[in-house]
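Structural features, examined
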Amino acid sequence: LDLSTTHEAYSSLYQLLSWLLLETEQYERAYNFARYYEEQTSHTVYSLFSMGNRFLAAKQFQYAENAYQFYKESTNLSTRYRSYDELSNTYLQWGNYAEQNNLTPADSIRTLYQKSYNNAEELIEQNAEYEQADRVLSRLAELSLDIFKNRDSAARWFQTLQKISGSDDPYSLYTEGRIAI
């Protein structure tokens, strides 16, 4: 585009062009366009978060990973923490999709689950007060149970979840039920 990112029409044009690129399955161009937009603005416009969600919905996991990875070193802590959460969720969905559709060997799938676990764990270590900590802790407990078969780890994450969110939190209740099974 030969239009400055500061032009008042750029945002609308960006939305239209990014939609068109995704509809025509030009994922790499869509990613590059969103990254360019994010890099050229003086403030965070979250173009790659938005694009990451759309890539995830389209099962374009590698592009979603790249989009969220962009924010992992952000100086804005809430943006950085959200990127860890989104990356963890992306790896989990990617692993589930690959497993359900027999797309990759078991060790590759386990690596995706391990990446999900590691990103979630790192997020909680950096900020246990993260606004979506209940969801992240529940994910950690589920991965501990379902993938790594480690009830002690699941119980530890559950205790942290209860401490942060209380025993009436829906994620706490769900996780408690999962551990009880």
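Fair warning: this is a prediction, and the values are worked out from it, not measured in the lab.

Here we come to the packing of aromatic side chains. Inspection of the entire model under this criterion finds 17 aromatic pairs. Ring geometry for Tyr10 against Phe33: centres 6.5 Å apart, planes inclined by 50 degrees, an arrangement best described as tilted. Separated by 23 residues along the polypeptide, Tyr10 in helix 1 (residues 10-23) and Phe33 in helix 2 (residues 27-40) bring together distant segments of the chain. When sorted by exposure, Tyr10 lands in the same class as Phe33, which is buried. Ring geometry for Tyr27 and Phe55: centres 6.2 Å apart, planes at 70 degrees, overall edge-to-face.

Here we come to a nonpolar patch on the surface. Together, Leu13, Leu16, Trp19 and Leu20 make up a nonpolar patch on the protein surface, roughly 390 Å² of accessible area in all. Mapping Leu13 onto the fold places it in helix 1.

Moving on to the packing of helix 3 (residues 47-57) against helix 5 (residues 77-100). Running from amino to carboxyl end, helix 3 crosses helix 5 at an angle of 10 degrees, the nearest separation of the two axes being 11 Å. Here helix 3 lies roughly parallel to helix 5, going by the angle between them. Of the residues in helix 5, those touching helix 3 at Phe49, Asn53 and Leu56 are Thr79, Arg82, Ser83, Glu86, Asn89, Thr90 and Gln93. Here the contact of helix 3 with helix 5 is built from residues that sort into 2 nonpolar, 6 polar and 2 charged.

So, on to the packing of helix 3 against helix 4 (residues 61-69). Put simply, helix 3 and helix 4 touch, their axes get as near as 8 Å, and they point 160 degrees apart. One way to sum up the angle between helix 3 and helix 4 is to call them roughly antiparallel. Relative to helix 4, helix 3 is oriented so that their crossing is left-handed. On helix 4, the residues that touch Leu48, Phe49, Gly52, Asn53, Phe55 and Leu56 of helix 3 are Phe61, Tyr63, Ala64, Ala67 and Tyr68. A class-by-class count of the residues in the contact of helix 3 with helix 4 yields 9 nonpolar, 2 polar and no charged.

The subject of this paragraph is the nonpolar core. One finds Tyr113, Ile124, Val136, Leu137, Leu140, Leu143 and Trp157 to be the most contacted residues of the largest nonpolar core, which totals 25 residues. Elements with a contribution of two residues or more to this core: helix 5, helix 6 (106-126), helix 7 (133-146) and helix 8 (151-165). Ranked by the residues each element gives to this core, the list is headed by helix 7, at 7 residues. Val136 has contacts with Asp85, Ala120, Leu123, Ile124 and Tyr130, leaving out every residue within four places of it along the chain. With 24 residues, the next largest nonpolar core counts Tyr14, Leu22, Leu56 and Ala67 among its residues.

Along the chain, Gly166 falls in the loop between helix 8 and helix 9 (170-180). In this structure the C-alpha to C-alpha distance between Gly166 and Asp134, which are 32 residues apart in sequence, comes to 9.6 Å. Dropping the residues within four chain positions of it, Gly166 is found in contact with Leu161 and Ser172.

With 24 residues, helix 5 ought to run about 34 Å at 1.5 Å a step, and its terminal C-alpha atoms sit 35 Å apart, in line with that. Count one or two residues on from helix 5 and you reach Asn102, which has phi positive near 50 degrees.

Scanning the entire structure with this criterion turns up 6 salt bridges. A salt bridge links Arg139 to Asp85; its shortest N-O distance comes to 3.0 Å. Linking Arg139 in helix 7 with Asp85 in helix 5, this pair joins segments that are 54 residues apart in sequence. For the pair formed by Arg139 and Asp85, the shared burial category is buried. Each of Asp85, Arg135 and Arg139 takes part in one network of salt bridges that share partners.

The end-to-end C-alpha distance of helix 8 is 20 Å, a good match for the 21 Å that 15 residues give at a rise of 1.5 Å each. Taken together, the buried positions of helix 8 are Ser153, Ala154, Trp157, Phe158 and Leu161. Viewed along the axis of helix 8, the buried residues span an arc of 135 degrees, placing them on a single side of the element. Across helix 8 from its buried face, at more than 90 degrees, point the exposed residues Asp152, Gln159 and Lys163. Here the buried face of helix 8 lies against helix 6, helix 7 and helix 9.

Cut-offs and rules
- The residue count restarts for each chain, going from 1 along the sequence in the order it is written.
- The predicted origin of the model limits local features to residues at a pLDDT of at least 70 and limits the giving and counting of side-chain atom pairs to 80 or more, whereas totals for whole chains, interfaces and linings rest on all residues.
- Think of the side-chain values as coming from all heavy atoms in the structure, minus any hydrogens and water.
- Whether two aromatic rings pair depends on their centres lying within 6.5 Å, for rings of Phe, Tyr and Trp, where Trp uses its six-membered ring; planes under 30 degrees apart make the pair stacked, over 60 edge-to-face, and the rest tilted.
- Every helix listed is a DSSP run of H or I at least four residues long, and every strand listed is a run of E at least two residues long, numbered separately from the N terminus.
- Partly exposed describes any residue whose relative accessible area lies between the buried limit of under 20% and the exposed limit of over 50%, with all areas from a 1.4 Å probe on protein chains only and scaled to the type maximum.
- Here, patches come from residues exposed beyond 30% relative accessible area and free of salt bridges, joined within 9 Å for like charges and within 5 Å for nonpolar side chains (Val, Leu, Ile, Met, Phe, Trp, Tyr).
- For the area figures, the Shrake-Rupley method with a 1.4 Å probe applies, and any residue is considered shielded solely by the protein chains shown.
- A side-chain nitrogen of Lys or Arg and a carboxyl oxygen of Asp or Glu constitute a salt bridge if their distance falls within 4 Å.
- Note on method: axes are straight lines fitted to C-alpha atoms, helices fitted across the in-contact stretch only, with angles between N-to-C directions ranging 0 to 180 degrees.
- Between 65 and 115 degrees an angle is taken as roughly perpendicular, under 35 as roughly parallel, over 145 as roughly antiparallel, and anywhere else as oblique.
- Here, residues are in contact when the closest pair of their heavy atoms is within 4.5 Å.
- Classification convention: Asp, Glu, Lys, Arg as charged; Ala, Val, Leu, Ile, Met, Phe, Trp, Tyr, Cys, Pro as nonpolar; all other residues, Gly among them, as polar.
- We call a crossing left-handed when the near helix sits turned anticlockwise from the far one by less than a right angle, and right-handed when that turn is clockwise.
- Each nonpolar core is a collection of buried residues, namely Ala, Val, Leu, Ile, Met, Phe, Trp, Tyr and Cys, held together in the definition by side-chain atoms within 4.5 Å.
- Residue count minus one, scaled by 1.5 Å, sets the expected span of a helix.
- Read the arc as the range of directions from the helix axis to the C-beta atoms.

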